[in-house]
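In case you want the letters, here they are:
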Amino acid sequence: MTKILLEVLITGLLLGGLYALISVGLSLQYGVARILNISHGEFIMLGAMTTWTLYTGLGINPLVSLAICGPLALASGFLIHKTLFRRLLASSASPAIFESNSMLAAFGLMFILQNIALIIWRADTRAYSYLSIPVHFLGTLFGANRLLTFGITMVIGLAFYLFLSLTRTGKAIRAAAQDPATAGLMGVNINHMLALCFGLGAAMAAVAGVLISMCYSVNAVMGLEYTVIAIIVVVLGGLGSIPGSFLGGFILGLVGSVVTFLEPGLALVAYYVIFIILLLIRPTGLLGR
Amino acid sequence: MKPGNRNLQRLWGPGLAVVILALLATFPLYASAYGIILVTDILMFVILALSWALFSAPTGYISLAPAAFFGVGIYTSAILGRQLPLPLVVFLGGLISFSLALLVGALTLRLRGIYFAMFTFGLVELIKHFWLWYEIKFTGTRGRFVVVVDQRTIYLIMFTIFVLLLLTTYLIRRSRLGLALRSIGECEEAAAHIGVNVNALKTVTFALSAIFMGAAGSVIAARWTYVDPYIAFNPLYSFMAVLMAIFGGIGNPYGPILGAVIFAYLEEVLLTRFPYYYMLIFGTVLIITVLYLPEGLIGLIMKIRKRLAGGQDALA
């Protein structure tokens, strides 16, 4: 019994790590750039599908794909913000109008990216096997790929946290999140920072996509499901809070693995129930301001 | 300009509306089978977009729940369609959607802005996954067959719902209710302070708009023959309703109608001619609309008309 319990718990934590990484990017985009990026999952999908193509087509190691997809997504996110969202920011009369307009634009982006992916990869489900060697861990068996992705997730999360709290750019991002107008007066190049945050969010999504493709099967329409999970996690942890995203990710991962163990069909329903209850009692999230 | 001319101009709009409604009412008498199917589809999207705008346009709350109420209507039809006549099923579909919206609205309309949008989006997915689990667990199958009804009957019921929705939209806009709703959109705190019962009003209007979405779902299900939770609770219907309304312009009820007619027709053409690029075009139009047409097509038309009228006055 304890063995099963331990297995369920560890599965939940491993899943939670991935959820956390997915959500940090979305949280950054919403917390700083005020964009509820519905197309977030599409960047995850692009990362995953690119990795699959590189691995099965050219034999490139998924770990190398991390270094390819991350910077590529960073650059495209940066450019998308500089062209699309910056123009929207200039034309919107109030922050509330920008929030709804940018959400609609992100919907548009989602349709475009998904359609492009469908043209390239069609709707077939793909998978490859990488490092799926069983490893003994705390008395139960786990795939080496799962443990590796968890390790990478934690390293990226920690590195990002240190980047935000220790570097000069990190400080500028935090200032821009707190009060864009004042930060601008203090010499922070706001438009640059917002675009950087959007790009970083996209990069994290792509990296998460690479990691997901190492453990699960992937396809061109998987994006929305992950977007929804990211939104739930972010609301759970508090919009714009990085530690909140990690806390929320782990909670949701644990709930997911426990409910899957008890009643497999209800995992997604459980996520939504938590999401709705939380929105009703504490819409600012567990660690939100 | 002479005053008589002005009066004539004022009659022009309603006159055109009456002619179009008369043409639509007699449509099954002379249209081809394909024509009836196409116009039924267009009317369905008009109903979705216009009923979305009924609540969301004046208040500024972006609801992504249309697919939830639409789907409830579809399933009402799938479950009760065998035993009851279609008009009664449609009425029940509207009623069940209304009750669900009343409950949901009372619980959640305290949420503002982006939170409300996320909640309503979650609602569609929650109902879909719950129903999926329920069907597999308790009925052992996924999906149901719906009793097929004559195309003309479906068309006429859809048209009746559309007329009722037009009437409701018109009456609400003209009444104190409409004014109160607009005051919520302008500034909710101020509206509450002047004595508007903000929460009750939002909830009732939200539920009212759900009736038409549910009813439209109940009718169209009779044509689809087979439904399952993925078909019935497809979030695309929420996005479509929002997109069509915003594309047409939500400052004026003609906006969502215009947007839905153009978009539904485009969808038909695009889906048959470019099935692989359909979403690409859809997304591009959405982004262009948000960027360059913040007040939608109607806003653009009004701007052009104002400029033309201004030019005439200046000449006179």
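Conventions adopted
- Residues numbered from 1 in each chain as written.
- Chains lettered and ligands numbered in written order.
- Predicted model: local features only at pLDDT ≥ 70, side-chain atom pairs only at ≥ 80, totals over all residues.
- Helix = DSSP H or I, 4+ residues; strand = E, 2+ residues; numbered from the N terminus.
- Rg over C-alpha atoms; globule rule 2.2 N^0.38 Å.
- Buried ≥ 20, exposed ≤ 12 C-beta atoms within 10 Å, placed from the backbone.
- Contact = placed C-beta atoms within 7 Å.
- Nonpolar A, V, L, I, M, F, W, Y, C, P; charged D, E, K, R; others polar.
- Expected span 1.5 Å × (residues − 1).
- Axes fitted to C-alpha atoms, helices over the stretch in contact; angles between N-to-C directions.
- Left-handed = near helix turned anticlockwise from the far one by under 90°.
- Parallel < 35°, antiparallel > 145°, perpendicular 65-115°, else oblique.
- Core = buried A, V, L, I, M, F, W, Y, C linked by C-beta atoms within 7 Å.
- pLDDT = per-residue confidence, 0-100.

Caption draft 1: Local environment of the overall build of chain B. Looking only at helices and strands, chain B has 15 helices and two strands in total. In terms of overall dimensions, chain B is globule-like: its C-alpha atoms have a radius of gyration of 20 Å, near the 20 Å expected for 316 residues. The buried share of chain B, taken over its 316 residues, is 45%. In chain B, the proportion of contacts linking residues at least 24 apart, taken out of those at least 6 apart, comes to 81%.

Caption draft 2: Quick peek at the overall build of chain A. What chain A contains, in helices and strands, is 11 helices and two strands. What you see in chain A, going N to C, is helices and strands ordered as α-α-α-α-β-β-α-α-α-α-α-α-α. A globule of 289 residues ought to have a C-alpha radius of gyration of about 19 Å, and chain A, at 19 Å, matches this closely. Taken along the three principal axes of its C-alpha coordinates, chain A extends 60 × 45 × 35 Å. Looking at chain A residue by residue over its 289 residues, the buried ones come to 52%. In chain A, once contacts between residues fewer than 6 apart in sequence are set aside, the share between residues at least 24 apart is 78%.

Caption draft 3: Spatial organisation of the interface of chain A and chain B. Residue-level contacts link 34 residues of chain A with 32 residues of chain B. Elements with a contribution of two residues or more to the side of chain A that touches chain B: helix H3 (62-91), helix H4 (95-121), helix H9 (223-237) and helix H11 (267-281) of chain A. Here the side of chain A that touches chain B takes 16 residues from H4(A), the largest share from any one element. Of the residues assigned to the side of chain A that touches chain B, the class counts are 25 nonpolar, seven polar and two charged.

Caption draft 4: Structural detail: helix H10 (residues 198-224) of chain B. All names here are of chain B. Along its 27 residues, H10 runs 39 Å from first to last C-alpha, staying within 8% of the 39 Å computed at 1.5 Å per residue. Here H10 lies mainly inside the structure; 21 of its 27 residues are buried. Downstream of H10 by one or two residues, Thr225 has phi in the positive range, about 60 degrees.

Caption draft 5: Just the packing of H9(A) against helix H10 (residues 242-262) of chain A, in detail. All names here are of chain A. Running from amino to carboxyl end, H9 crosses H10 at an angle of 120 degrees, the nearest separation of the two axes being 7 Å. H10 is crossed by H9, and the crossing has right-handed handedness. Two secondary-structure elements touch here, H9 through Ile232, Val233, Val234, Leu236 and Gly237 and H10 through Gly244, Ser245, Leu247, Gly248, Gly249, Ile251 and Leu252. Of the residues in the contact of H9 with H10, the class split is seven nonpolar, five polar and no charged.

Caption draft 6: Inspection of unusual backbone geometry at higher detail. Positive phi is not limited to glycine here, since A:Arg122 has a value of about 55 degrees. If you trace the backbone, A:Arg122 turns up in the loop between H4 and strand S1 (134-137). Residues other than glycine seldom take positive phi values, yet B:Thr225 does so here, at roughly 60 degrees. Within the secondary structure layout, B:Thr225 lies in the loop between H10 and strand S2 (226-227).

Caption draft 7: Representation of the packing of helix H3 (residues 33-59) of chain B against helix H13 (residues 254-273) of chain B in the model. Residues and elements named next belong to chain B. Running from N to C, H3 and H13 point in directions that differ by 140 degrees, and their axes come no closer than 8 Å. The angle between the axes of H3 and H13 places the two elements in the oblique class. Where H3 crosses over H13, the handedness of that crossing is right-handed. When H3 is examined against H13, the residues Leu38, Asp41, Ile42, Phe45, Val46, Ala49, Leu50 and Ala53 are found in contact with a partner set consisting of Pro256, Ile257, Gly259, Ala260, Val261, Phe263, Ala264, Tyr265 and Glu268. When the residues that make up the contact of H3 with H13 are grouped by side-chain class, the tally is 14 nonpolar, one polar and two charged.

Caption draft 8: Quick peek at the nonpolar core. Grouped together as the largest cluster of nonpolar side chains are 190 residues, with contacts concentrated most on B:Phe45, B:Ile47, B:Leu48, B:Ala49, B:Met158 and B:Ala216. With 19 residues, helix H8 (residues 190-215) of chain A is the single largest residue contributor to this core. Excluding anything up to four places from it in sequence, B:Phe45 contacts B:Met240, B:Met244, B:Ala260, B:Phe263 and B:Ala264. With six residues, the next largest nonpolar core counts B:Ile184, B:Ala191, B:Val196 and B:Val198 among its residues.

Caption draft 9: Spatial organisation of the environment of A:Leu28. Residue and element names in this part refer to chain A. Relative to the helices and strands, Leu28 is located in helix H1 (residues 2-31). Given 28 C-beta atoms within a 10 Å radius, Leu28 is considered buried. Taking the C-alpha atoms as reference points, Leu28 and Ala127, separated by 99 residues in sequence, lie 30 Å from one another. The contact partners of Leu28, leaving out residues within four places of it in the chain, are Cys197, Leu200 and Gly201.

Caption draft 10: Broad picture of the confidence of the model for chain B. Mean pLDDT over chain B: 86, with 95% of residues reaching 70 or higher. Across chain B, the element-wise mean pLDDT spans from 74 in helix H1 (residues 3-25) of chain B up to 93 in helix H4 (residues 66-80) of chain B.

Caption draft 11: Region of the structure containing the environment of B:Ser238. Residue and element names in this part refer to chain B. Position of Ser238 among the secondary structure elements: in helix H12 (residues 236-248). Take Ser238: there are 28 C-beta atoms within 10 Å of it, and that puts it in the buried class. In this structure the C-alpha to C-alpha distance between Ser238 and Phe130, which are 108 residues apart in sequence, comes to 19 Å. Discounting chain neighbours no more than four positions away, the residues touching Ser238 are Leu64, Ala65, Pro66, Ala67 and Val124.

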